There are 2 protein chains.
Amino acid sequence: MSLTIKLQLSSHYRLNLNLGTCLKENNFTPAYNTKIRPKPIYHSDPLISIVYNNKPTMHASKRCVQSSIKSSLIEPDGGVLVDLVVPESERAARTLEAETLPKVGLTEIDLEWVHVISEGWASPLKGFMREDEYLQSLHFNSLRTKDGSVVNMSLPIVLAIDDETKERIGSSTNVGLVGPNGDLVGILRSIEIYKHHKEERTARTWGTTEPGLPYVEEVITPAGNWLIGGDLEVLNHIKYDDGLDHYRLSPQQLRSEFDMRQADAVFAFQLRNPVHNGHALLMNDTRKRLLEMGYKNPILLLHPLGGFTKADDVPLDVRMEQHSKVLEDGVLDPETTIVSIFPSPMHYAGPTEVQWHAKARINAGANFYIVGRDPAGMGHPTEKRDLYDPDHGKKVLSMAPGLEKLNILPFRVAAYDTVQKKMAFFDPSRAKDFLFISGTKMRTYARSGENPPDGFMCPGGWKVLVQYYQSLQAEEASQQPAVLSA
Amino acid sequence: MSLTIKLQLSSHYRLNLNLGTCLKENNFTPAYNTKIRPKPIYHSDPLISIVYNNKPTMHASKRCVQSSIKSSLIEPDGGVLVDLVVPESERAARTLEAETLPKVGLTEIDLEWVHVISEGWASPLKGFMREDEYLQSLHFNSLRTKDGSVVNMSLPIVLAIDDETKERIGSSTNVGLVGPNGDLVGILRSIEIYKHHKEERTARTWGTTEPGLPYVEEVITPAGNWLIGGDLEVLNHIKYDDGLDHYRLSPQQLRSEFDMRQADAVFAFQLRNPVHNGHALLMNDTRKRLLEMGYKNPILLLHPLGGFTKADDVPLDVRMEQHSKVLEDGVLDPETTIVSIFPSPMHYAGPTEVQWHAKARINAGANFYIVGRDPAGMGHPTEKRDLYDPDHGKKVLSMAPGLEKLNILPFRVAAYDTVQKKMAFFDPSRAKDFLFISGTKMRTYARSGENPPDGFMCPGGWKVLVQYYQSLQAEEASQQPAVLSA
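Bear in mind that the values here come from a model prediction, so they are computed numbers and not experimental data.

Looking at the sheet that holds strand E8 (residues 184-195) of chain A
All names here are of chain A.
Then comes step 1: Strand order in this open sheet of 5 strands is E3-E7-E8-E9-E6, and the pairing throughout is mixed. A single partner strand is all that each edge strand has here, and the edge strands are strand E3 (103-105) and strand E6 (160-161).
Then comes step 2: Across 4 bridges, the pairing between strand E7 (residues 175-178) and E8 is antiparallel. Across the sheet, residue glycine 176 finds its bridge partner in E8, namely isoleucine 187.
Then comes step 3: In the packing of helix H1 (residues 88-100) onto the sheet, contacts are made with E3, E7, E8 and strand E9 (226-234), and the angle to E8 comes to roughly 45°.

Quick notes on the packing of helix H9 (residues 316-328) of chain B against helix H13 (residues 459-478) of chain B
Residues and elements named next belong to chain B.
Then comes step 1: Contact geometry for H9 and H13: axes closest at 7 Å, N-to-C directions at 160°. By the angle class used here, H9 and H13 are roughly antiparallel. Crossing geometry of H9 relative to H13 is assigned as right-handed. Contact with H9, carried on its side by Val318, Glu321, Gln322 and Lys325, involves Gly460, Gly461, Val464, Leu465 and Tyr468 of H13 and no other residues of that element.
Then comes step 2: Of the residues in the contact of H9 with H13, the class split is 4 nonpolar, 3 polar and 2 charged.

Notes on the UniProt feature "domain: ATP-sulfurylase PUA-like" (unreviewed entry) in chain A
Then comes step 1: The UniProt feature table records "domain: ATP-sulfurylase PUA-like" (unreviewed entry) at residues 74-236 of chain A.
Then comes step 2: Across residues 74-236 of chain A, the secondary structure splits into 35% helix and 22% strand, with the terminal C-alpha atoms separated by 27 Å.

Things to note about the sheet that holds strand E12 (residues 337-339) of chain A
Residues and elements named next belong to chain A.
Then comes step 1: Taken in spatial order, the 5 strands line up as E12-E11-E10-E13-E14 in an open sheet, and their pairing is parallel. Each of the sheet's edge strands pairs with one partner strand only, and the pair in question is E12 and strand E14 (407-410). Looking at each pair of strands side by side, their axes are set apart by 25° on average, direction ignored.
Then comes step 2: Those strands touched by helix H9 (residues 316-328) are strand E10 (265-271), strand E11 (298-304) and E12, and its axis lies near 155° from that of E11.

Quick notes on the relation of the copies chain B and chain A
One copy of the chain maps onto the second through a rotation around an axis plus a translation along that axis.
Then comes step 1: Between the two copies, chain B and chain A, the superposition gives an RMSD of 0.0 Å; the rotation angle is 180° and the shift along the axis is 0.0 Å. One copy is carried onto the other by what is essentially a two-fold rotation axis.
Then comes step 2: Mapped onto chain A, 100% of the interface residues of chain B again fall at the interface, so both copies present the same surface.

Cut-offs used in this document
Residues numbered from 1 in each chain as written. Chains lettered and ligands numbered in written order. Predicted model: local features only at pLDDT ≥ 70, side-chain atom pairs only at ≥ 80, totals over all residues. Heavy atoms only, no water. Pairing = 2+ DSSP bridges. Helix = DSSP H or I, 4+ residues; strand = E, 2+ residues; numbered from the N terminus. Contact = heavy atoms within 4.5 Å. Axes fitted to C-alpha atoms, helices over the stretch in contact; angles between N-to-C directions. Parallel < 35°, antiparallel > 145°, perpendicular 65-115°, else oblique. Left-handed = near helix turned anticlockwise from the far one by under 90°. Nonpolar A, V, L, I, M, F, W, Y, C, P; charged D, E, K, R; others polar. UniProt positions renumbered as here; feature names shortened; annotations may be inferred. Least-squares fit on C-alpha atoms with pLDDT ≥ 70 in both.

Here is the structure:
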């Protein structure tokens, strides 16, 4: 099959988009300011079936109003949003203390987890898991809290150390954490060291132990044979100085943002790929459906994952640029959309991981979560098939312990409708009219400079991808050994 | 180290033991009748720490009293003990119906599961799992019931079929189940057929996918690529005609037995090995502890597993004979002990399986469960180590969802104390005095005809084992090719 349709969509909408946020003492502006509001694009396809309580809940329970965290839509897990950043007034003393402690070195991915834990994405988790938490996570995908209630926790959030570090820690109760660049990052208190059963962790998290799982190869295999759990304190907010920190709103900041906008529903969309018009279709359709249900001001949290991703995924900076073009091109409505970065690393652990993705968004204040086909999935590392049954993600998510208060919005598969010449929900009665454009196919288009079918992605967003892949090719060409270029 | 100590313990107690039960229209006698009551043997070692509510509960909640099932100690999971055996009056009609349906053939192990489900050991499960139940079991080790409560369910209880059987079933809603000997066993109604993801099932259940897991090799690998779930009806009580059926008390029969004995506590001991004096020590000590806690009549449910076990485990009939000798020899008190067979097959899935073992005993009316080192564990199939961390079983069990109402009794390791010349709780302060006699070592003794250290096992019980291993050797010798015997 040859596809030579040129991308002819022009940008119908122009807007001055400033995808940033200015944080000053708990007051911050929206993540972008719109000058021109583009018309929303709606489609009439049936989209969602809401699994749990699908009545609009205008106000949450009394318990959810915390001192500085208004939680008008959904209570954080455990009732209180965890915040482990040491107050300014105590920073100097804690830094001095940390300096005296045995040190544990963090990798870049460990630091991403420190970021995640310290801002409360994993509430009520207050540090790297001790063995009790690790075992509950591994076996039950949930934690029992002190009051007997259950919160979801499907991924073990753990810190590995090697034999030498364990030896050095000796009988110390607390340790200092040192970032990859040598900076003191924080303290882990009342530590517990226990065995890192790598094979079992991998099997129970991914449902396979075959070689080639990105997180396993990058993180688990090279890690030490021990895990160290404890209560975390972070000396400073984790920043990356990559020009994207303004996108990294904490759960507390997101909650304030939703309150400021007087959102009466927040629907989160997790992604690690460029946004195509199929994604946009379902996000816009979700909004429409929420309005039909009686919500007055549903807000979309477009929430790309910002931590570790596998080598062939599109890098974060390129994705953020692509997302900003999608808003500029008017495919999504900036007035009702917040773009922010979710700082977690990616596991590619399918049904196990999608629970984490949803749970973290509860803590960020989202009360609706959109889930599609094969969330957090990938190809099997050694066999020619999907690693997970593509329907298991949404099924597991809809039954997961601790997620009962979240409205799960499963959606049907979107594909390119060659008749309508746009992305549409797949209609099995005329299957031959639909073209499935996989991530691999999309990358092949972009790499070859060939345009995807008209209507697959907005022109501005597509251009960003093409430029990225061309720069990759240029880089690859420059790295060819001289003998081959002769 | 050479061990030549002869077994010199004589049988101090004699009793006429009839390990049987006579079932007549819901009235049945105890599983054995004692003529002489042996003195209980108590030890003073500290034994148990009770994790959950450790106050004597003399009466359970009001909800637990079912029509014919008095549940004075602990309510079955889901509130009602499942009983899927077709009433006598309907048997003929259902048999006729089953004959008209597409047939699914059962293996011997499938039939063991039919037995388990039909008698309510897996209450509230009413048949082989449909996909929703399978996924909850695999990911959460628990099932959410219709009323929103959670019951434990750590092992997928599933029935596999191959492509050809799936084809033959077609669009039929119900199927007939046919036992390995060709007999009609029952009906599975409102069926659902879904994919059998064998690798994922294995990884999530065992925490490894290495070759050599007995249940995987025996059951999963040869099984079909589909699972069939549905509501089970069984035409007749499952019987084995192996001379041991009188030991196979159903949960309902066990509950009646406990009521008849006016037990105010029932503590279950799961085992798949011969009973040595270390086991006896902790069972007797548990009883002592329960008496100290204020219980007046604690009953021990000595509950050997009767389904599939791996090839080098001691077969059920030999174990039952050994257990009966242990009672005859007075190592356990027959007046306060019920010996019965737990019909489940063995998974050797450590922390995942121990939950099943405990949960099934809730349904049988036990409100205390004894758990030791590395329950349901085995050696790693390809590495020289235990497959599971030996402490994980009791940790996972004590935190498992749906088991909150069960009192978990962890015990310390028992070993042979060479100073006291008896099995005793291991004292790390004089570690060198203790001898660990593993199952492998025990088998080596029995196989070679050598006696284990004095006090390791009662003489009657030991004799049963020696005879078994000698018969095995005789059998092996008779199978040697003639050239080798020359």
